[in-house]
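Chain by chain, the residues run as shown.
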Amino acid sequence: MTEELEAIESEATRAVNAAPSSEALEKLNIEYLGRNGRLTALLRGIGALPNDQKPLFGQALNAAKARLTDAVAVRTEALKGAERATREQDEAIDVTLPGRARPMGRLHPLSRTESDIKRVMIGLGFEFVDGLNIEGYSYNFDWLNFPPDHPAFDEQASFYVDDTHLLRTQTTAIQGHFFEAGRKPPFRVATIGRCYRYENMDATHSHTFHQVDGFSVAEGISLADLKGVLAEMMRGLFGPEVTVRFRPDFFPFVEPGVEVAVRWGDRWLELGGAGLIHPNILRRAGYDTERYTGFAFGLGVDRMPMRRYGIDDLREFLISDLRFLQQF
Ligand code: FA5
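Residues numbered from 1 in each chain as written. Predicted model: local features only at pLDDT ≥ 70, side-chain atom pairs only at ≥ 80, totals over all residues. Heavy atoms only, no water.

Another aspect to go through is the site of the ligand. The full set close to the ligand counts 25 residues, and Gln-170, Thr-172, Arg-197, Ser-206 and Leu-271 are the nearest of them. Gly-272 is positioned such that a nitrogen or oxygen atom in its backbone is 3.4 Å from an oxygen atom of the ligand. Protein chains bury 96% of the 670 Å² of accessible surface belonging to the ligand in isolation. Most atoms of the ligand, that is more than half of them, are within 2 Å of grid points of the largest pocket. Counting residues per element, the ones that place at least two in the shell around the ligand are strand 6 (208–219), strand 9 (267–277) and strand 10 (292–300). Here the shell around the ligand gets five residues from one element, more than from any other, and that element is strand 9. When its residues are assigned to classes, the shell around the ligand shows nine nonpolar, eleven polar and five charged. (Near = heavy atom within 4 Å. Polar contact = N/O pair within 3.5 Å; in protein donor to acceptor, adjacent residues only side chain to side chain. Areas by Shrake-Rupley, 256 points an atom, 1.4 Å probe, with all protein chains shown as cover. 1 Å grid on protein atoms, 1.4 Å probe; cavity = no way out; pocket = protein on both sides within 12 Å on 5 of 7 lines; lining within 4 Å. Sits in = over half its atoms within 2 Å of the grid points. Helix = DSSP H or I, 4+ residues; strand = E, 2+ residues; numbered from the N terminus. Nonpolar A, V, L, I, M, F, W, Y, C, P; charged D, E, K, R; others polar.)

As structure tokens, then:
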């Protein structure tokens, strides 16, 4: 058995010293020194030896195992060093290569518009809150004074999730949530996000679009405050020369209501609606309508970069074609 031990040790040492890679070395380690390895197997044969030879053989075996373990450790270090050197060589910078521009990511034009809107509105004293994309029917419609079976529903054909929930058709749905929380006036609140309507797609309509809603409740608010805030907001977004147009319009949640448009070249671009918050809503919110009034507006976000960057089809925003996006 001693000869066998010597034979295995010298075979193992040669193999370890010649191992071509860390993985090969690990295999050898298991093959010879592992729990079911060949050296360990010799230990099991020790019982068959005469008693006086057992201790000697045991010592020889342990010594052989220790030498082989050392050899494995030495080879491990050598291989690690060599493998690191190869990696570094692969990653080395070739200083003779001509320079190349790094491809830079950039913000989507809608994200830029969104942060511009926030910057301007925060400057006008609005605080931003988050709304829900899957909205309760009661917040999307009931809270907003939609009478049953009113034709105003027709303009907001909806994607229903179940009998009482839908993908919100307007960010105005934030009002009910905010009013339920019972904040005392005065306040200026805003929210911005996606809206969804069951609509045919065309250059200015999409099933998925974005709106920004702002509203304020305080003592003595009038239509003049609304006009002032919106005009200032449009100047902040489109520049000091922008012309803003207000025309009478109907929304169940405002009285009076107006449509808001800005001049775009030789056309008017309808951005959204606005008005003084309907007293029914203020009453439901628990505010004294003799003392408090409020304004509210809701504007389409997607149409703003259309005017600012001269984009003629808002479907481009959803397609995410890099040839389009890289122009901004
Ligand atoms: C509303 O959604 C009201 N919530 C606005 C409002 C708020 C009025 C507060 C009064 C007080 P309207 O359905 O008109 O109104 O939508 C407002 C704007 O959202 C539109 O003018 C348009 O800019 C944008 N918009 C509406 N539908 C789409 C669509 N399918 N694709 C792209 N933009 C849309």
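Resuming the write-up.
The next thing to look at is the sheet that holds strand 7 (residues 244–249). If you trace the seven strands from one edge of the open sheet to the other, you get 1-5-6-10-9-8-7, paired in mixed fashion. Of all the strands in the sheet, the pair left with one neighbour each is strand 1 (127–128) and strand 7. Sheet analysis places strand 9 next to strand 10, joined by five bridges and oriented antiparallel. Bridging across to strand 10, Ala-274 finds its partner in Phe-297. The sheet contacts of helix 8 (residues 223–238) involve strand 5 (187–196), strand 6, strand 7, strand 8 (254–264), strand 9 and strand 10, and relative to strand 10 the element is tilted by about 30 degrees. (Pairing = 2+ DSSP bridges. Contact = heavy atoms within 4.5 Å. Axes fitted to C-alpha atoms, helices over the stretch in contact; angles between N-to-C directions.)

A few words on unusual backbone geometry. A cis geometry characterises the amide bond from Pro-185 onward to Pro-186, with omega recorded as 5 degrees. If you trace the backbone, Pro-186 turns up in the loop between helix 7 (174–180) and strand 5. Pro-256 follows Glu-255 through a cis peptide bond whose omega is -5 degrees. Note that Pro-256 resides in strand 8. Phi is positive for Asn-145, close to 65 degrees, though the residue is something other than glycine. With respect to the helices and strands, the residue Asn-145 is situated in the loop between helix 6 (137–140) and strand 3 (160–162). One non-glycine residue, Ser-320, lies in positive phi territory at about 60 degrees. Here Ser-320 shows up in the loop between helix 11 (316–319) and helix 12 (322–325).

It is the rolling of a water-molecule-sized probe over the atoms that shows where space remains empty. Its boundaries defined by the atoms lining it, the largest pocket holds a volume of some 760 Å³. Arg-197, Gln-211, Phe-251, Glu-270 and Gly-272 are the residues nearest the centre of the largest pocket, which is lined by 38 residues in total. For the lining of the largest pocket, the secondary structure elements donating two or more residues are strand 6, strand 8, strand 9 and strand 10. For the lining of the largest pocket, a count of residues per class yields 16 nonpolar, 13 polar and nine charged. The computed volume of the second largest pocket comes to approximately 150 Å³. (Points joined across faces, edges and corners; volume = space filled by probe spheres on them.)

All quantities given are derived from atomic positions and should not be read as evidence of function.
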